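Spelled out from the first residue to the last, the chains are:
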Amino acid sequence: MSRTDQPHGPLVDLGRERPQVPARARNLSPIVPRASIAGRALVAVVAIMTFLASITTGTVLLVSASAAEWQSEVASEITIQVRPAPGRDIDRDAAAVAEAIRAQTGIVEVRPFTREESAKLLEPWLGSGLSLDDLPVPRVIVARVQPGTTLDLAALRRRVTQVAASASVDDHRAWIERMRSMTGATVIAGLGILALVIIATIISVSFATRGAMAANRPIVEVLHFVGAGDRYIANRFLRHFLRLGLQGGVIGCGVAMLVFGFSESIAGWFSGTPVGDQFAALLGTFSLRPSGYLALAAQAVLIAAITAWASRRTLFATLDDID
Amino acid sequence: MVRFENVGLRYGLGPEILRDLNFQIPAHSFQFLTGPSGAGKTSLLKLLFLSLRPTRGLVNLFGHDVSLLGKDEIADLRKRIGIVLQDFRLLDHMTTYENVALPFRVTGREESSYRKEVIDLLKWVGLGERMDALPPILSGGEKQRAAIARAVISRPHLLLADEPTGNVDPTLGRRLLRLFIELNKSGTAVIIATHDITLMDQYEARRLVLHQGRLHIYE
C-alpha cells in the first residue's frame with residue numbers, strides 16, 4: 001500500500017502561489033491511445049473476416065432455405081404414370097386411375113395431364129406437331145398431398161394397379177434424397193468455410209494484437225512502473241481490442257448486409273434472362289429473411305468476442321514476456 | 001525496509017556486474033548511490049525496483065523475500081516504490097498532468113480526489129504552465145521534472161532516482177533536492193543515484209559507492 005491511503009497534508013506547500021480557484025475537471029485521455037496504425041490494421045482484418053464469414057453464412061442460409069422450399073414442394077406431390085397396354089384404352093385407364101386416386105385419403109387435388117399437355121412436355125425433345133397416337137407415350141397424373149399428412153403409398157399403389165395394371169406411382173423419394181444430400185453437403189461446406197474463416201480470424205487477430213502490443217510496449221512498461229498489475233493493464237487493452245473488434249465486426253457485417261439487400265434488387269433486374277432464371281432456380285429470390293440478418297448480426301458480435309478472447313490470450317503472453 | 005545479502009547479478013552468460021552486495025536501507029533514510037559510469041548503479045536500482053531478479057543472493061523488500069513473490073504481489077510492492085529513470089518514460093499521448101496523476105489513476109481513484117494535489121506539485125516543480133502540454137514538446141529538463149513529480153506524487157515508502165538532476169540547471173537542481181529532502185522528512189526512504197558531486201555536497205547523507213561491481217558504504 002502506498003502512503004496515499006493515509007491522511008496527510010499537502011506534499012508541497014505553495015504558499016501564495018496556491019491556485020485560488022478550484023481546478024477544473026479534466027477529461028482524461030485513455031490509457032491506451034485509440035488511434036494507432038496497428039489498431040486500424042486490426043479493424044481492417046476483423047472487417048474483412050466478418051464480411052467473408054457473413055457472405056458464407058448468408059449464402060448457406062439462402063441455399064438451405066431454397067432447398068427446403070423445393071423439398072416441400074416436391075414432397076407434397078406424387079406422379080402417376082399410366083402406360084399404354086395392348087388391348088386397353090389409355091384414356092379410360094387414365095380417367096379410372098384419377099378417380100381411384102381422388103378416393104384416397106390425404107389427396108387434395110388430382111390433375112390428369114391431357115393429351116395436348118403431354119405433347120407439350122415432350123416438345124423440347126421431340127419437336128412440335130407431335131401426334132401421340134403414333135407413340136407409346138404414358139399419360140401423367142399429378143396428385144397433391146395434403147400438407148402434414150402421411151400418405152399410405154402401398155394402399156395407393158394397390159388401388160391404382162387394380163384399376164390399371166400398367167400404372168405406376170412415383171413419390172419422388174429418390175429425387176428428395178438427392179436434394180437432401182446436396183443441401184446437406186452445401187451446408188457442411190459452408191460451415192467448413194466458416195470454421196476456416198474463424199480460425200483465420202483468430203490467427204490474424206493474435207498477430208495483430210501482438211503487433212499492437214509491441215507498439216504499445218512503452219505504455220505497458222510505464223504502467224508496471226507506477227504499480228499497475230497485469231489484470232489492470234490487460235483490462236485496459238482488452239476494452240481497446242473489444243472496441244476495435246466491434247468496429248471491424250460492424251463494418252464487415254454492415255457491408256455484407258448491404259450486399260444481400262442489393263442482391264435482391266440486382267436479381268430483379270436480371271429476372272427473365274437465362275442467367276437470372278438459373279440463379280433464381282438455385283437460390284430462390286435472393287432475399288435473406290429477417291432471421292438471416294439477425295444471424296449475421298449475432299455472428300459479427302461472436303467475431304468481436306473472438307477478437308477480444310484472442311487478444312486476451314496474446315496480452316497475457318506478452319505481459320509475461322515483458323516481465 | 002530493504003535488505004540485500006550476498007546478491008550477485010549477471011546478464012545472460014556475461015561476467016557478474018554486481019558482486020556480493022550486502023547492505024540495508026532503513027526506513028526514513030536518505031542516501032546517495034554513486035560510482036563511475038558502468039559501475040552498475042542503474043542495475044542496482046532495477047534490482048531494488050524488482051524489474052530485475054538477482055542471479056544469486058537474497059533480496060528482502062518490505063519484509064518479503066522477493067524470490068517467493070508472484071506477479072500480483074510484485075505489482076502491489078511496486079505501488080510502494082517511486083522511480084525516476086534516466087529516460088523519463090513519460091507517455092507521449094498523455095498530458096503532463098495526466099502523466100503525473102498516473103499512479104493515482106491506476107489505483108482507481110476519482111480524478112477530483114487528487115486534482116489539487118497534482119496541480120500543486122506541478123507548480124512546485126515549475127510545470128504549472130505546462131500542465132496540458134504533451135511530453136514530445138517538453139524540454140529535457142521539463143520531462144525530468146514531470147518524471148520526478150510522477151514518482152513522488154503517491155508518497156512512496158521508497159523513492160529511487162537515477163540521475164534526477166542531470167538535465168536541470170543548478171537552481172532547479174537545488175529545488176528538486178529540497179523536494180526529495182521534504183519527502184524524506186515526511187517518511188520516505190530516498191536513494192538518489194548520481195555522479196553530481198555538487199549535489200551530494202549540498203546535503204549530508206549516507207553514500208553508497210559502487211566500484212567494480214562491489215558496494216562500499218560511507219555513513
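Residues numbered from 1 in each chain as written. Chains lettered and ligands numbered in written order. Predicted model: local features only at pLDDT ≥ 70, side-chain atom pairs only at ≥ 80, totals over all residues.

Draft legend 1. Layout of the overall build of chain A. When helices and strands are tallied, chain A shows nine helices and four strands. Counting from the amino terminus, helix and strand elements in chain A follow one another as α-β-α-β-α-β-α-β-α-α-α-α-α. Within chain A, the proportion of its 323 residues that are buried is 27%. Considering only intrachain contacts with a sequence separation of at least 6, the fraction spanning at least 24 residues in chain A is 85%. (Helix = DSSP H or I, 4+ residues; strand = E, 2+ residues; numbered from the N terminus. Buried ≥ 20, exposed ≤ 12 C-beta atoms within 10 Å, placed from the backbone. Contact = placed C-beta atoms within 7 Å.)

Draft legend 2. Structural context of the overall build of chain B. The helix and strand inventory of chain B stands at seven helices and 10 strands. In chain B, buried positions account for 47% of the 219 residues. Taking the intrachain contacts of chain B between residues at least 6 apart in sequence as the baseline, contacts between residues at least 24 apart amount to 69%.

Draft legend 3. Examining the sheet that holds strand β3 (residues 139-145) of chain A more closely. Residue and element names in this part refer to chain A. Spatially, β2-β3-β1-β4 is the arrangement adopted by the four strands of the open sheet, whose pairing is antiparallel. The open sheet has two edge strands, β2 (107-112) and β4 (167-170), and neither has a second partner. Strand after strand, the sheet turns through a mean of 20 degrees between neighbouring axes, direction not considered. In this sheet, β3 lies alongside strand β1 (residues 77-82) in antiparallel orientation, the contact comprising six bridges. Across the sheet, residue Thr79 finds its bridge partner in β3, namely Val142. (Pairing = 2+ DSSP bridges. Axes fitted to C-alpha atoms, helices over the stretch in contact; angles between N-to-C directions.)

Draft legend 4. Just the packing of helix α2 (residues 90-102) of chain A against helix α4 (residues 153-163) of chain A, in detail. Residue and element names in this part refer to chain A. Running from N to C, α2 and α4 point in directions that differ by 150 degrees, and their axes come no closer than 9 Å. Looking at the two axes, α2 sits roughly antiparallel to α4. The handedness of the crossing between α2 and α4 comes out as right-handed. Here Ala96, Val97, Ala100 and Ile101 of α2 lie close against α4, whose contacting residues are Leu156, Arg159, Val160 and Val163. In terms of residue class, the contact of α2 with α4 is built from seven nonpolar, no polar and one charged. (Parallel < 35°, antiparallel > 145°, perpendicular 65-115°, else oblique. Left-handed = near helix turned anticlockwise from the far one by under 90°. Nonpolar A, V, L, I, M, F, W, Y, C, P; charged D, E, K, R; others polar.)

Draft legend 5. The packing of helix α3 (residues 96-105) of chain B against helix α5 (residues 140-152) of chain B, seen in detail. Residues and elements named next belong to chain B. Here α3 crosses α5 at 30 degrees, and the two axes come no closer than 7 Å. For the element pair α3 / α5, the angle class is roughly parallel. Where α3 crosses over α5, the two elements pack in a sense that is right-handed. Packed against α3, whose contacting residues are Thr96, Asn99, Val100, Leu102 and Pro103, the element α5 presents Ala146, Ala149 and Arg150 at the interface. Its residues assigned to classes, the contact of α3 with α5 shows five nonpolar, two polar and one charged.

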